[in-house]
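Here are the chains, one letter per residue:
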Amino acid sequence: MSASATVASVSAGQTQVNPGLQNETQIVPVAATTESRKRTRRPRRTDPGYRRNAGPFARLAEHFRRYWQLWLMVTPAICFIGLFAYVPMYGVQLAFRDFVPSKGLAGGPWVGLKYFRQFLESPMFGNIMKNTISISLWTMVMGFIAPIILALLINQIGSKKIKGFVQTITYMPHFISTVVIVAMISIFLTPDTGLLGRFLGDTSLLGNPDLFTPIYWISEVWQHVGWNSIIYLAALSSVDTSLYEAAKVDGARRMQLIRYVDFPTIMPTCGILLILNMGSILNVGFEKVFLMQNALNLSASEVISTYTYKIGIVSNQFSYSTAIGLFNTLINFVFLVIANAISKRVSETSIF
């Protein structure tokens, strides 16, 4: 048989038979040869298993190579948040030090939880927490319910012109500054000459401690209800019109449309916003409360933010005021985590 003889291949355990050698037959496994070639080939970035088998730095480099345009777009926002939200956290250590201005932020002696205990043992602690929680809860609850109701009502308006007019009228107060809002409240409640004060007695309602909380949350809800309803209107705009038509064919009335079509649509949005609001449950707006304060209503208007300002800026007790602010932040964080856990278990809606 000649050197250019046959090569026999068998599919199931394929081998190569080379009869060119007269006295012996050379058998080379084809499958083994192919497998060795696969192992020696370097993986490419386009291979499905590349990112899974590569190291963390290689995967990170590949991620930035693919999405560098998006990262470039959000870089200004990241820098802004880092500069104004994370860099100032270096000063949180003042809550655990006896601050000495000449020694800098980290130069004072370490005192541990001294100022936290001082705040908890302060005679003002109970009244301040009561006022803060009362104002925050009323504002959060009513400020959460009112936009939902307004959005559901506006969504039922058939005319686009009337709907746009109502939206514009309701969210315009959002752009009025806090100083102007407080001035308007004071003018409206002035006895004898105010739009409302002339019917409500001889003394201004702002001097009544029992009415400070209602005045605060009513004016707060009025100012922001239209603006906060926009996100719910955006969620309602995604409802398929065929659902309304099918419900009407089944005999559903207007209230039933709201209950069975509109309300389930905005429930996930409501859950997310409620969780976010719980994260600021003790953050009562400093400017508005401070401007509405006077000697008569101080017992009902002193909250954590105004007390921190008076202790830190006015009295120069920087470590004590930092401890109070950190305590407020920790309480808000606990409420946020609890609200997120409850929402995740009940409705499977959460932010983390």
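Note that the coordinates shown come from a computational prediction; the quantities given were computed from them, not determined experimentally.

Each value, and the rule that gives it
- Throughout this description, residue numbers start from 1 for each chain and increase along the sequence as written.
- Reporting in this predicted model follows two pLDDT cut-offs: at least 70 for local features of residues, and 80 or more for side-chain atom pairs to be given and counted; totals over whole chains, interfaces and linings ignore these cut-offs and use all residues.
- Where side-chain values are given, they derive from all heavy atoms of the structure, hydrogens and water being excluded.
- Salt-bridge detection follows one rule: a side-chain nitrogen of Lys or Arg within 4 Å of a carboxyl oxygen of Asp or Glu.
- The secondary structure listing takes helices from DSSP runs of H or I that are at least 4 residues long and strands from runs of E that are at least 2 residues long, numbered from the N terminus.
- Buried means the residue's accessible area, taken with a 1.4 Å probe over protein chains only, is under 20% of the maximum for its type, while exposed means over 50%, and partly exposed covers the values in between.
- Cavities and pockets were defined on a 1 Å grid built from protein atoms only: a cavity is a group of points that admits a 1.4 Å probe but offers it no way out, a pocket is an open group of points flanked by protein on both sides within 12 Å along at least five of seven lines, and a lining residue is one with an atom within 4 Å of any such point.
- Grid points are joined across faces, edges and corners, and a volume is the space filled by probe spheres set on the points.
- Gly is put with the polar residues, along with every residue not named as nonpolar or charged; the nonpolar set is Ala, Val, Leu, Ile, Met, Phe, Trp, Tyr, Cys and Pro, and the charged set is Asp, Glu, Lys and Arg.
- Should any heavy atoms of two residues lie within 4.5 Å, those residues are considered in contact.
- Ring geometry is summarised as follows: Phe, Tyr and Trp rings, the Trp one being its six-membered ring, pair when their centres sit within 6.5 Å, and such pairs are stacked at plane angles under 30 degrees, edge-to-face over 60 and tilted between the two.
- Throughout this description, a polar contact denotes any pair of N or O atoms lying within 3.5 Å of each other; where both atoms belong to protein, one of them has to be capable of donating a hydrogen while the other can accept it, and for residues adjacent in sequence the pair is counted only when both atoms sit in side chains.

Draft legend 1. Representation of the pattern of salt bridges within the structure. Per the stated rule, a full pass over the model turns up four salt bridges. Between K288 and E220 there is a salt bridge, with the nearest N and O atoms lying 3.0 Å from each other. A residue pair is termed long-range when its members are at least 10 positions apart, and K288 in helix α12 (residues 286-292) and E220 in helix α8 (residues 209-228) qualify at 68 residues. Judged by relative accessible area, K288 falls into the buried class, the value being 4%. Several salt bridges converge on common partners, so that one network encompasses E62, R65 and R66.

Draft legend 2. Spatial organisation of the layout of surface pockets. A volume near 580 Å³ is recorded for the largest pocket. Lining the largest pocket are 25 residues, with T139, M140, G143, N228 and N277 positioned closest to its centre. Residue assignment for the lining of the largest pocket shows that the elements contributing at least two residues are α5 (125-155), α8, α9 (230-236) and α11 (254-278). Here the element with the most residues in the lining of the largest pocket is α5; it accounts for eight residues. Class assignment of the residues belonging to the lining of the largest pocket gives a composition of 14 nonpolar, 10 polar and one charged. Of the volumes computed, that of the second largest pocket is approximately 420 Å³. Breaking the lining of the second largest pocket down by element, the ones donating at least two residues are α14 (304-314) and α15 (318-347). Top element by residues in the lining of the second largest pocket is α15. It accounts for seven residues.

Draft legend 3. Spotlight on the environment of D262. Looking at the element boundaries, D262 is found in helix α11. Residues D262 and A235, 27 residues apart in the sequence, show an inter-C-alpha distance of 9.1 Å. Ignoring any residue separated from it by four or fewer positions in sequence, one finds D262 in contact with L152, N155, Q156, L236, Y244 and L257.

Draft legend 4. Quick peek at the packing of aromatic side chains. One pass over the structure, following the stated rule, counts 17 aromatic pairs. On the basis of an interplanar angle of 80 degrees and a centroid distance of 6.3 Å, the ring pair of Y171 and W227 is categorised as edge-to-face. Taken as a pair, Y171 in helix α6 (residues 160-171) and W227 in helix α8 lie far apart in primary sequence, 56 residues in all. The exposure class assigned to Y171 is partly exposed, which follows from its relative accessible area of 26%. On the numbers, 5.4 Å between centres and 85 degrees between planes, the contact of F175 with W227 is edge-to-face. Of this pair, F175 sits in the loop between α6 and α7 (178-188) while W227 sits in helix α8, placing them 52 residues apart in sequence. Look at F175 and you get exposed, because its relative accessible area is 54%. Look at W227 and you get partly exposed, because its relative accessible area is 36%. A connected cluster of aromatic rings, assembled from ring pairs, spans F119, F125, Y307 and F327.

Draft legend 5. Representation of the side chain of T170. Structurally, T170 is set in helix α6. Of the polar contacts made by the side chain of T170, one reaches the backbone oxygen of V166; its length is 2.9 Å.

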